[in-house]
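Architecture and fold: a report
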Amino acid sequence: LTVSSGRSRFKLQTMAADEYPAIAAAEYTADFVLAAATLKHLLAMVHYAMAAQDIRYYLNGMLLVVDGPTVRAVATDGHRLAMCEVGNDSAVGSRIEAIIPRKTIHELARLLPESSEEPVRVQMAASQVRFSFGGIDVISKLVEGKFPDYTKVIPAGNTRRFTVGRELLAAALQRAAILTTDKFKGVRMVVAPGSLKINSTNSDQEDAQEELEIEFSGDALDIGFNVTYLLDVLANLKCEQVAFALGDALGSALVTMPDSEQFKYVVMPMRI
């Protein structure tokens, strides 16, 4: 193959077309349609919580659950979990679950239009999934294995609850993160009546403290978190306020959007 333009010329090797890998045909058992903007929103809300190269291979992807009128996306790396669900107008029969590989999720997020009601046809088989939109077909194998029972991870009895401005909290965490190290990304959150303090220190005896006003009147709590896990969720949410529900210093925290049940983010604490 020769490609030329102006004074540039490239001579490239080719391979026989019949040597190109063939995709095995699959018998799709689920077939439904989502708006491109809805699917892109679903991926954006959970993709950052997927594991990257975990030995537990079933975590290196996103769980897609189709349950009647609901489509749910779940991702976890064992330290945090993100779950988001949207309505589904298409008729789907029995409940179907599939683990879509990490690379496929990132490629879909890149290809889907930013804001469009263009329909995306989703077809799911036992070992394959297909997304069709705008003249593009994305076909991917599924990850084999059993995804953890995410419903047991979401805490229901956390009584220390407060809301805080998303951008204010993100900015405070970013400043506190300056004094953390690459190996230790821990920050302390001290929740007390009327205030939320964020502290960080490093091996050079440097420390940072941020304080935000919150509406909280319960018992005080001192708890540590990986600051990256908190910044990831705050960067992907678009709401003005975020709601926190905390239990004790050893229990997981639940982050949600006020007045919405569509999204849940669970993050485990760390010792500081």
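Data block above holds the structure.
Below is a summary of the structure that appears in this document. It should be emphasised that the depicted structure is a prediction, and the values quoted were computed from it without experimental measurement. (Residues numbered from 1 in each chain as written. Predicted model: local features only at pLDDT ≥ 70, side-chain atom pairs only at ≥ 80, totals over all residues. Heavy atoms only, no water.)

1. Describing the pairing of strand β12 (residues 186-192)
Sheet analysis places β12 next to strand β15 (residues 221-226), joined by six bridges and oriented antiparallel. Bridging across to β15, valine 190 finds its partner in aspartate 222. With five bridges connecting them, β12 and strand β13 (residues 195-201) associate as antiparallel partners. Each bridged residue has a counterpart across the sheet, and for methionine 189 the counterpart in β13 is isoleucine 198. In sequence, β12 turns back onto β13 through a hairpin of two residues, with glycine 194 there showing a positive phi of about 85°. (Pairing = 2+ DSSP bridges. Helix = DSSP H or I, 4+ residues; strand = E, 2+ residues; numbered from the N terminus.)

2. Concerning the sheet that holds strand β14 (residues 207-213)
Taken together, four strands build an open sheet; the order of strands is β14-β13-β12-β15 and the sheet is antiparallel. The open sheet has two free edges, formed respectively by β14 and β15, since each of these has just one partner strand. Averaged over neighbouring strand pairs, the angle between their axes works out to 20° when direction is ignored. Where β13 lies against β14, seven bridges are found, and the strand directions are antiparallel. Bridge pairing in β14 places serine 195 opposite glutamate 213. (Axes fitted to C-alpha atoms, helices over the stretch in contact; angles between N-to-C directions.)

3. Some thoughts on a nonpolar patch on the surface
A cluster of nonpolar side chains, contributed by Leu1, Val3, Phe10 and Leu12, occupies part of the molecular surface with about 400 Å² of accessible area. Structurally, leucine 12 is set in the loop between β2 (8-11) and β3 (30-35). A residue is classified by how much of its surface remains accessible, and leucine 12, at 43% relative accessible area, is partly exposed. (Patch = residues over 30% accessible without salt bridge, like charges linked within 9 Å, V, L, I, M, F, W, Y side chains within 5 Å. Areas by Shrake-Rupley, 256 points an atom, 1.4 Å probe, with all protein chains shown as cover. Salt bridge = Lys/Arg side-chain N within 4 Å of Asp/Glu carboxyl O. Buried < 20%, exposed > 50% of the residue type's maximum accessible area, 1.4 Å probe, protein only.)

4. Side note on the environment of isoleucine 223
Its location among the elements puts isoleucine 223 in strand β15. By relative accessible area, isoleucine 223 is classed as buried at 2%. Discounting chain neighbours no more than four positions away, the residues touching isoleucine 223 are Val187, Arg188, Met189, Asp248, Ala249, Gly251 and Pro269. (Contact = heavy atoms within 4.5 Å.)

5. Details of the layout of surface pockets
Size it by volume and the largest pocket reaches roughly 270 Å³. Top contributing element to the lining of the largest pocket by residue count: strand β7 (residues 96-101), with three residues. Grouping the constituent residues of the lining of the largest pocket by class yields nine nonpolar, two polar and five charged. Its volume calculated, the second largest pocket comes out at about 200 Å³. (1 Å grid on protein atoms, 1.4 Å probe; cavity = no way out; pocket = protein on both sides within 12 Å on 5 of 7 lines; lining within 4 Å. Points joined across faces, edges and corners; volume = space filled by probe spheres on them. Nonpolar A, V, L, I, M, F, W, Y, C, P; charged D, E, K, R; others polar.)

6. Some details on the pattern of salt bridges
Within this structure, the stated rule accounts for 13 salt bridges. A salt bridge links arginine 80 to aspartate 232, with the nearest nitrogen and oxygen atoms 3.2 Å apart. Taken as a pair, arginine 80 in strand β6 (residues 80-87) and aspartate 232 in helix α4 (residues 227-236) lie far apart in primary sequence, 152 residues in all. On the basis of relative accessibility, which here comes to 7%, the residue arginine 80 falls in the buried class. On the basis of relative accessibility, which here comes to 22%, the residue aspartate 232 falls in the partly exposed class. Sharing partners across several salt bridges, the network here consists of Asp67, Arg95 and Glu97.

7. Topic: the side chain of serine 116
Turning to its location among the elements, serine 116 is positioned in the loop between α2 (102-111) and β8 (119-124). Here the side chain of serine 116 touches glutamate 118 through a polar contact of 2.9 Å, landing on its backbone nitrogen. When neighbours within four sequence positions are excluded, serine 116 is seen to be in contact with Ala35, Ala36 and Ala37. (Polar contact = N/O pair within 3.5 Å; in protein donor to acceptor, adjacent residues only side chain to side chain.)

8. Describing the state of the cysteines
Throughout the structure, instances matching the rule amount to zero disulfides. Cysteine 84 forms no disulfide, and the closest cysteine sulfur to it belongs to cysteine 239, at a distance of 11 Å. Residue classification places cysteine 84 among the buried residues on the basis of a relative accessible area of 1%. Judged by relative accessible area, which is 19%, cysteine 239 ranks as buried. (Disulfide = S-S within 2.5 Å.)

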